[in-house]
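Results of the structural survey
Residue strings, one per chain:
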Amino acid sequence: MSSETSHHKPRVAVVFGGRSSEHAISVLTAGAVLRAIDREKYDVLPIGITTDGRWALTADDPERMAIADRQLPTVAALAESTEGAVVLPVDPTNREVVYSEPGSVPKALGEVDVVFPVLHGPYGEDGTLQGLLELSGVPYVGSGVLASAVGQDKDYMKRVFTSFGLPVGPYEVIRPREWETDPVAARRKIVDFAAEHGWPLFVKPARAGSSMGITKVNDLGGLDEAIEEARRHDPKILVESLLRGREIECGVLEFEDGPRASVPAEIPPVTAHDFYDFEAKYIDSAAGIVPAPLTAEQTAKVQELAVAAFDAASCEGLVRADFFLQDNGEFVINEINTLPGFTPISMYPRMWQESGVSYPELIDRLLQAALHRSTGLR
């Protein structure tokens, strides 16, 4: 490759880690992305965000971004310095990334052409980072501010889906003020919900992912502890009834002619866990079935619903849509994930692999779409 060609390679900042409880999952995703990205086509700048919010220059070392002896990786362990910070100027005329350490002259790291944010949860997947990148005028992979916020907040996500006529299951929301001003009334609201829809219930944070903070509650005895666990992750909590049926997932990817759905996958019942929780997903590697054993009609229906959910929330780039196929044969949408995991066992890349889009091709398609999409109103 000539030096001139190399000079014009797009520079990709892979931003990962973050302040949410999904920090380690983001590091795992970053390792997989860094391993798969085409270095002949792109220059890569890994930037990790520590749990306290510092943007750190990190080693480009995917092998260290993996689970080792059941221990999860962190940005702090990968950072080149305990104090140095990476700064992305909030100036659309300047994409120069700067690295500074106390007592040293700031060092220019070069311009960034596109950001691949592989952050999960609040302060990364929820529109906050997307807003910063919009102010900076830097293109980025994935949905914009509104769709990212809607995709993170399960309360408003369900409201949007309902307004577009998409099927959602029964749920109740307890907002922070309700719990803080009158916890007895808030608890009664949940008990009344259980009386109407039955036990067990799922109590979960409204704005978290990777099954963080979710508790399956079988009766009144476990309710208070479940509420506190959910509120540990988010002061707003969501209560959902148990939907009996099969767990089906479907990937959506934006092509030149619009969004398309992948073959769906099924998450089989996990025998060692009460439900598909964090341990089942990431530590014990519960295996999904790809493609899901569905009829042609069921496959077409869930693909149609996945694309409809993508459009309803004004998503861009990619989405993983999660459904329940109920015993009555009807699909109910559980949630969408605007920045789904890209770990080696993640369902999103596996579904696209089975659909004919390899992992490196998937990464390339997402980066190319971002490079050709403007920031700002669109």
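Below is a summary of the structure that appears in this document. These numbers come from a predicted model, not from an experiment.

1. Comments concerning the overall build of the chain
Of the regular secondary structure elements, the chain holds 13 helices and 16 strands. Taken over the C-alpha trace, the chain has a radius of gyration of 21 Å; the compact-globule value for 378 residues is 21 Å, and the two agree within 12%. Taking the principal axes of its C-alpha atoms as reference, the chain extends roughly 65 × 50 × 45 Å. For the chain, with 378 residues in total, the buried portion stands at 54%. Considering only residue pairs separated by 6 or more positions, the chain has 66% of its internal contacts joining residues 24 or more positions apart. Here the chain holds 35 positive side-chain charges and 56 negative ones, and the gap between their average locations is 2 Å.

2. Remarks on the environment of valine 217
Here valine 217 is to be found in strand E10 (residues 215–217). Taking C-alpha positions, valine 217 is 32 Å from threonine 299, a pair spaced 82 residues apart along the chain. Leave out the neighbours within four places in its chain, and valine 217 touches Trp199, Pro200, Leu201, Val203, Gly222, Leu223 and Ala226.

3. Describing helix H12 (residues 347–354)
Within H12, burial applies to Met347, Tyr348, Pro349, Met351 and Trp352. Those residues of H12 that are buried are in contact with strand E12 (245–255), strand E13 (258–261), strand E14 (265–267), strand E15 (318–326) and helix H13 (359–371).

4. What to know about the nonpolar core
Core analysis: the largest hydrophobic core is formed by 35 residues, its most contacted members being Phe116, Phe342, Ile363 and Leu367. If you list the elements that add at least two residues to this core, you get strand E1 (11–17), helix H2 (23–36), helix H3 (75–78), strand E7 (114–117), E12, H12 and H13. With residues up to four places along the chain from it excluded, the contact list for isoleucine 363 reads Val33, Ala36, Ile37, Phe116 and Phe342. In this structure, Met157, Ile248, Ala321 and Phe331 belong to the second largest nonpolar core, which totals 25 residues.

5. Some remarks on the packing of aromatic side chains
All told, the structure shown has five aromatic pairs when counted by the stated rule. With centroids separated by 6.2 Å and ring planes inclined at 80°, the aromatic side chains of phenylalanine 323 and phenylalanine 331 adopt a geometry described as edge-to-face. Each member of the pair, phenylalanine 323 as well as phenylalanine 331, is classed as buried. Members of the aromatic cluster, connected to one another through ring pairs, are Phe116, Phe342, Tyr348 and Tyr359. Over the aromatic face of tyrosine 156 sits the side chain of arginine 159, whose NZ or CZ is 5.6 Å from the ring centroid. A cation sits over an aromatic face here: arginine 260 above phenylalanine 255, 3.9 Å from the ring centre.

6. With respect to the pattern of salt bridges
According to the stated counting rule, one finds 26 salt bridges in the structure shown. In this structure, glutamate 63 and arginine 35 form a salt bridge, with 3.4 Å as the shortest nitrogen-oxygen distance. Taken together, the residues span a long stretch of sequence, with glutamate 63 in the loop between strand E3 (55–57) and H3 and arginine 35 in helix H2 at a distance of 28 residues. Judged by relative accessible area, which is 40%, arginine 35 ranks as partly exposed. A salt bridge links lysine 236 to aspartate 153; its shortest N-O distance comes to 2.9 Å. Of this pair, lysine 236 sits in the loop between helix H9 (223–233) and strand E11 (237–241) while aspartate 153 sits in the loop between helix H5 (145–152) and helix H6 (154–163), and the two are 83 residues apart along the sequence. Given the relative accessible area of 3%, lysine 236 is considered buried. On the accessibility criterion, aspartate 153 (9% relative accessible area) is buried.

7. A word on the sheet that holds E3
Pairing is mixed across the open sheet formed by four strands, whose spatial order is E3-E2-E1-E7. Two strands in the sheet have a free side with no partner beyond their single neighbour: E3 and E7. Between one strand axis and the next, the sheet turns through 30° on average, direction left out of account. In this structure, E1 lies alongside strand E2 (residues 43–49), joined through seven bridges in parallel fashion. Each bridged residue has a counterpart across the sheet, and for phenylalanine 16 the counterpart in E2 is glycine 48. Lying on the sheet, H2 is in contact with E1, E2 and E7; it crosses E1 at an angle near 150°.

8. Overview of the sheet that holds E10
Ordered in space as E8-E11-E9-E10, the four strands form an open sheet in which the pairing is antiparallel. Of all strands in the sheet, those with a lone pairing partner are strand E8 (171–174) and E10, marking the two edges. Averaged over all adjacent pairs, the angle separating strand axes in this sheet is 25°, with direction ignored. Sheet topology places E8 next to E11; four bridges connect them, and they run antiparallel. Among the inter-strand pairings, tyrosine 171 is bridged to a residue of E11, identified as glutamate 240. Contacting strand E9 (201–205), E10 and E11, H9 crosses the sheet at an angle of about 25° to E9.

9. Brief notes about the packing of H5 against H6
Two elements in contact, H5 and H6, have axes whose closest approach is 5 Å; the angle formed by their N-to-C orientations is 105°. The angle between H5 and H6 places the two elements in the roughly perpendicular class. Here Val150, Gly151 and Gln152 of H5 come into contact with H6, specifically with Lys154, Tyr156, Met157 and Val160. The residue makeup of the contact of H5 with H6, split by class, is four nonpolar, two polar and one charged.

Cut-offs applied
- Residues numbered from 1 in each chain as written.
- Predicted model: local features only at pLDDT ≥ 70, side-chain atom pairs only at ≥ 80, totals over all residues.
- Heavy atoms only, no water.
- Helix = DSSP H or I, 4+ residues; strand = E, 2+ residues; numbered from the N terminus.
- Rg over C-alpha atoms; globule rule 2.2 N^0.38 Å.
- Buried < 20%, exposed > 50% of the residue type's maximum accessible area, 1.4 Å probe, protein only.
- Contact = heavy atoms within 4.5 Å.
- Lys, Arg positive; Asp, Glu negative; His and termini not counted.
- Charge placed at Lys NZ, Arg CZ, Asp CG, Glu CD.
- Core = buried A, V, L, I, M, F, W, Y, C linked by side-chain atoms within 4.5 Å.
- Phe/Tyr/Trp six-rings, centres within 6.5 Å; stacked < 30°, edge-to-face > 60°.
- Lys NZ or Arg CZ within 6 Å of the ring centre and 35° of its normal.
- Salt bridge = Lys/Arg side-chain N within 4 Å of Asp/Glu carboxyl O.
- Pairing = 2+ DSSP bridges.
- Axes fitted to C-alpha atoms, helices over the stretch in contact; angles between N-to-C directions.
- Parallel < 35°, antiparallel > 145°, perpendicular 65-115°, else oblique.
- Nonpolar A, V, L, I, M, F, W, Y, C, P; charged D, E, K, R; others polar.

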